[in-house]
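Take a look at the letters that make up each chain.
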Amino acid sequence: MKVFDLHCDTLSELRRAEMRGDGQTFAHNNGHIDLEKLEKGDYMLQCFAAFVNLADPTPGADPLVTALEEIDVFKRIMEKYPEDIAPVYQPSDIRKNAAEGKISGMLTIEEGGCCKGSIGVLRRMYELGVRMMTLTWNHENELASPNVVPGNGPIWPCMPNTETGLKEKGFEFLAEMERLHIIADVSHLSDKGFWDIAEHSTRPFAASHSNCRALAPHCRNLTDEMIRVMAEKGGLVGLNYCAGFLDDQPSPDLCRSTTALMAKHAAHFKQVGGIEIIGLGSDFDGIGGKLELSDCSKMPLLADALRKEGFTEDEMEAIFFRNAQRFFENNLNVSETSRKLFVHRNTLVYRLEKIKKLTGLDLREFEDAIVFKVALMVKKYLNASPAKY
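Everything quoted here is computed from the prediction, not taken from an experiment.

Now for the confidence of the model for the protein. Scored by pLDDT, the protein comes out at a mean of 90, with 86% of its residues at no less than 70. The low-confidence segment residues 381-389, where pLDDT is below 50, has nine contacts with residues more than four positions distant or belonging to other chains.

Within helix α4 (residues 91-99), the full set of buried residues consists of P91, D93, I94 and N97. Seen end-on, α4 carries its buried residues on one side only, within an arc spanning 160°. A positive phi of about 75° marks G101, the residue just after α4.

Attention shifts here to the packing of aromatic side chains. Under the defined criterion, the tally for this structure stands at nine aromatic pairs. Seen from their ring centres, F26 and F48 are 6.0 Å apart, and the 65° between their planes marks the pair as edge-to-face. Placement of F26 in the loop between α1 (10-20) and α2 (35-40) and of F48 in strand β2 (residues 43-51) is noted, with a sequence separation of 22 residues between them. The class for F26 is buried, based on a relative accessible area of 4%. Relative to F284, the ring of Y241 lies with its centre 5.2 Å away and its plane at 80°, an arrangement referred to as edge-to-face. In this pair, Y241 sits in the loop between β8 (236-239) and α9 (243-246) while F284 sits in the loop between β9 (278-280) and α11 (299-308), placing the two residues 43 residues apart along the sequence. Taken together, the ring pairs connect F26, F48, F74 and Y81 into an aromatic cluster. Against the face of Y126 rests R131, its NZ or CZ located 3.8 Å from the ring centre.

Reading the values: the criteria
- Residues numbered from 1 in each chain as written.
- Predicted model: local features only at pLDDT ≥ 70, side-chain atom pairs only at ≥ 80, totals over all residues.
- Heavy atoms only, no water.
- pLDDT = per-residue confidence, 0-100.
- Contact = heavy atoms within 4.5 Å.
- Buried < 20%, exposed > 50% of the residue type's maximum accessible area, 1.4 Å probe, protein only.
- Helix = DSSP H or I, 4+ residues; strand = E, 2+ residues; numbered from the N terminus.
- Arc of directions from axis to C-beta.
- Phe/Tyr/Trp six-rings, centres within 6.5 Å; stacked < 30°, edge-to-face > 60°.
- Lys NZ or Arg CZ within 6 Å of the ring centre and 35° of its normal.

Shown next as structure tokens:
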């Protein structure tokens, strides 16, 4: 069965291996993901995250440099193994790669703080191939607040952050990400940040590697209300294989990562949000401990567990690849015209709210009229100047 995986930290591991000089390669290594294992696991697409730790203790560590070096690892992988794996920039690339018998590699970012609050850097990340990004990892940044902050008390289980979410720059980033069709990823974001995205987004968003809080109490997981909202907005969630996000034991040391628990979370997602919301988001090469799915070649074990949980073959295909394939088909496709001229309702709403805060004047009742007027202006401009676009 084909596999789409929404999240792994393999680029970070390979970069660190290069810095150590220990000979690990993408073709074959002792981690969870390499080319040999991907082929054995029948992978159709793997999302590769450029992961950044803003609290990296390495002398001279720079989050932007770290992200760019991991993107460089991705680019060199694509160049070295062109017959086996190829990058994805738009939906047609996934179809083309599959037709040629190649795995698709999609570049993502885990920690929007690597952009240092610069919209210009975000745009350059898009040009480099980034198609999905979390606004935070586990540290406060210029864009938003996370749910888990190391050093601020126990991180398992932790109380969710319901007080601080997206900042002004975060709303600006969300608008630009939607203009570019970079998918907003709410994994790691605070509860308040999640609801900010839910309220202001105009496009479906993802939780690339999060599970169900009703089954495992970690605040990195999604509440039932969050799951329902994501389903209503056409979102996608990726089942995370980390033990602490799967089990509900009283101590993280006792938590287990088993395919049976993954199937339970999939069943809960289905019950609350429907089968269409579920994908896979392994977090491979970013999680430790004993894993029943010890690497990406062991995916048939998860299929067996889903069957035992009562999923049909059609539903399993939806979870393994079809839901994610449809999500990317619908949300990565963007024309040059829409990138330049698309009117973003969330940007307008944010500006109207800012006007209200500064002046007390509430213009929200005119929101639809303003959007309609601008849309007519854009249409008139395009009709008058077709050659320019």
